[in-house]
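Observations on chain architecture
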Amino acid sequence: MYPRLGIDIGGTGISAVVMDVDGSVRGRASTGTPAEHGGDAMVAACREVAALATERSGLVPRVAGVGAAGVIDADGVVLAASDSFTGWEGYPLGERLNASLSMPVSVGNDVAAFVLGEQRFGAGRGLENFFGIALGTGVGGGLVLNSGLHTGEHGAAAEIGHIPGFGDRLCTCGRKGHLETIAAGRSISSLYAQATGNSFSTKDVARLAREGDDTAAGLFADAGAGLAKAALMISGILDVSALIIGGGVALAWDLLHPAMAESLRRTPPISGNPVQVLRSELGTDAVAIGASQFADSLL
């Protein structure tokens with residue numbers, strides 16, 4: 001085993017961690033995502049945070065894993081991406097990162113990395129079955145069945161963010177009523193601006209909610225109730241009773257969890273087995289830590 005590098009390419013931020021041979025984070029760094037400037041700018045940002053995290057760790061990683069937003073094929077090419085990114089779809093991310101970082105790189109989806117990180121090092125340790133939801137710029141999901149990541153027939157399993165039944169708002173994918181329209185960070189910020197005429201980041205909307213802003217608090221309550229509804233869907237179809245929630249929006253756990261808990265108390269699963277809702281233990285490092293484990297295939 002060698003020290004390894006893990007990189008998280010998200011809609012608003014890019015971060016890196018360096019893991020030692022025991023699985024502990026020894027160095028970390030982050031920067032904003034230059035999403036509007038195309039793939040080469042994204043790779044340059046990855047190189048920047050990788051170098052800084054490596055310097056801070058005092059280690060020399062030999063391999064890297066990257067969790068990136070979008071649908072990523074086995075060669076590390078971005079097959080599909082949201083409208084948050086310019087020039088991302090079709091970009092040969094794996095090839096460019098291999099050259100830029102001067103080490104073997106394995107690239108996969110960021111939510112799959114989140115789930116893998118929580119399974120090995122976080123809230124999913126010891127759980128054979130669980131569903132992970134990452135609340136970031138968008139909403140993504142990942143499913144662990146019988147201790148393995150289940151991706152489905154076409155690699156699209158667990159796309160809970162784009163399941164309808166959550167109102168009639170237009171989603172970024174062009175369809176209506178998806179969970180992402182009420183629970184994603186971008187959506188919460190947008191809905192607050194629509195309601196008040198004031199534009200704030202999701203973090204600031206959470207601050208306003210804590211300061212007594214009823215509109216802001218209501219948006220997080222709606223997101224929490226939506227997540228509870230999603231949990232019931234998952235439980236009813238898969239009979240999976242553990243749900244792990246992470247991502248930047250989950251930092252407002254104090255605003256999300258009460259509505260989730262109350263909704264699940266009022267409407268328990270048909271199985272009678274309560275859904276265990278767990279907060280990510282790895283926080284904002286979850287994707288990068290999980291991505292570092294993609295490098296298993298390179299060792």
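Residues numbered from 1 in each chain as written. Predicted model: local features only at pLDDT ≥ 70, side-chain atom pairs only at ≥ 80, totals over all residues. Heavy atoms only, no water.

**Things to note about the overall build of the chain**
Summing up its helical and strand segments, the chain has 9 helices and 12 strands in all. In terms of overall dimensions, the chain is globule-like: its C-alpha atoms have a radius of gyration of 19 Å, near the 19 Å expected for 299 residues. Counting only C-alpha atoms, the chain reaches 50 × 45 × 35 Å along its principal axes. Here the chain holds 299 residues, and 51% of them are scored as buried. (Helix = DSSP H or I, 4+ residues; strand = E, 2+ residues; numbered from the N terminus. Rg over C-alpha atoms; globule rule 2.2 N^0.38 Å. Buried < 20%, exposed > 50% of the residue type's maximum accessible area, 1.4 Å probe, protein only.)

**Some points on the environment of Leu149**
Looking at the element boundaries, Leu149 is found in strand E10 (residues 148–150). Separated by 19 residues in sequence, Leu149 and Phe130 place their C-alpha atoms 9.7 Å apart. Ignoring sequence-local partners within four residues, the contact set of Leu149 consists of Ala112, Val115 and Leu143. (Contact = heavy atoms within 4.5 Å.)

**Brief notes about the packing of helix H1 (residues 39–57) against helix H2 (residues 93–101)**
Two numbers describe how H1 lies on H2: the axes approach to 10 Å, and their chain directions differ by 40 degrees. Classed by the angle they form, the pair H1 and H2 counts as oblique. The interaxial crossing formed by H1 with H2 has right-handed handedness. For the pair H1 and H2, the contacting residues are Asp40, Val43, Cys46, Arg47 and Ala50 in the first and Leu93, Arg96, Leu97, Ser100 and Leu101 in the second. Residues belonging to the contact of H1 with H2 are distributed by class as follows: 6 nonpolar, 1 polar and 3 charged. (Axes fitted to C-alpha atoms, helices over the stretch in contact; angles between N-to-C directions. Parallel < 35°, antiparallel > 145°, perpendicular 65-115°, else oblique. Left-handed = near helix turned anticlockwise from the far one by under 90°. Nonpolar A, V, L, I, M, F, W, Y, C, P; charged D, E, K, R; others polar.)

**Focus: the confidence of the model for the chain**
Parts of the prediction with low pLDDT should not have their coordinates interpreted in detail. On average, residues of the chain carry a pLDDT of 94, and 100% of them reach 70 or more. The least confident element of the chain is strand E5 (residues 71–72), whose mean pLDDT is 86; the most confident is helix H6 (residues 202–210), at 98. (pLDDT = per-residue confidence, 0-100.)

**As for the packing of aromatic side chains**
The way to describe two aromatic rings as a pair is by their centre distance and the angle between their planes. A complete count under the given rule lists 3 aromatic pairs for this structure. Ring plane angle 20 degrees and centroid distance 5.9 Å describe the contact between Trp88 and Tyr91, whose orientation is recorded as stacked. Note on Trp88: relative accessible area 1%, which makes it buried. Owing to a relative accessible area of 8%, Tyr91 belongs among the buried residues under this scheme. Centroid distance Tyr192 to Phe200: 5.9 Å. Interplanar angle 65 degrees. Geometry classified as edge-to-face. Judged by relative accessible area, Phe200 falls into the partly exposed class, the value being 28%. Chaining the aromatic ring pairs together yields one cluster made of Phe85, Trp88 and Tyr91. (Phe/Tyr/Trp six-rings, centres within 6.5 Å; stacked < 30°, edge-to-face > 60°.)

**Re the packing of H6 against helix H7 (residues 214–238)**
The contact between H6 and H7 brings their axes to 7 Å, and the two run at 110 degrees. If you check the angle between H6 and H7, you find them roughly perpendicular. Judged by the twist between their axes, the crossing of H6 over H7 is left-handed. In this structure, H6 contributes Thr202, Val205, Ala206, Leu208 and Ala209 to the contact, and H7 contributes Ala216, Ala217 and Phe220. For the contact of H6 with H7, a count of residues per class yields 7 nonpolar, 1 polar and no charged.

**Focus on the side chain of Asp110**
Note that Asp110 resides in helix H3 (residues 110–121). For the buried residue Asp110, which engages in no salt bridge, the nearest side chain bearing the opposite charge is Arg186, 11 Å off. At 3.4 Å, the side chain of Asp110 forms a polar contact with the side chain of Asn109. If sequence neighbours within four positions are ignored, Asp110 has contacts with Ile9, Gly67, Ala68, Ala69 and Val287. (Lys, Arg positive; Asp, Glu negative; His and termini not counted. Salt bridge = Lys/Arg side-chain N within 4 Å of Asp/Glu carboxyl O. Polar contact = N/O pair within 3.5 Å; in protein donor to acceptor, adjacent residues only side chain to side chain.)

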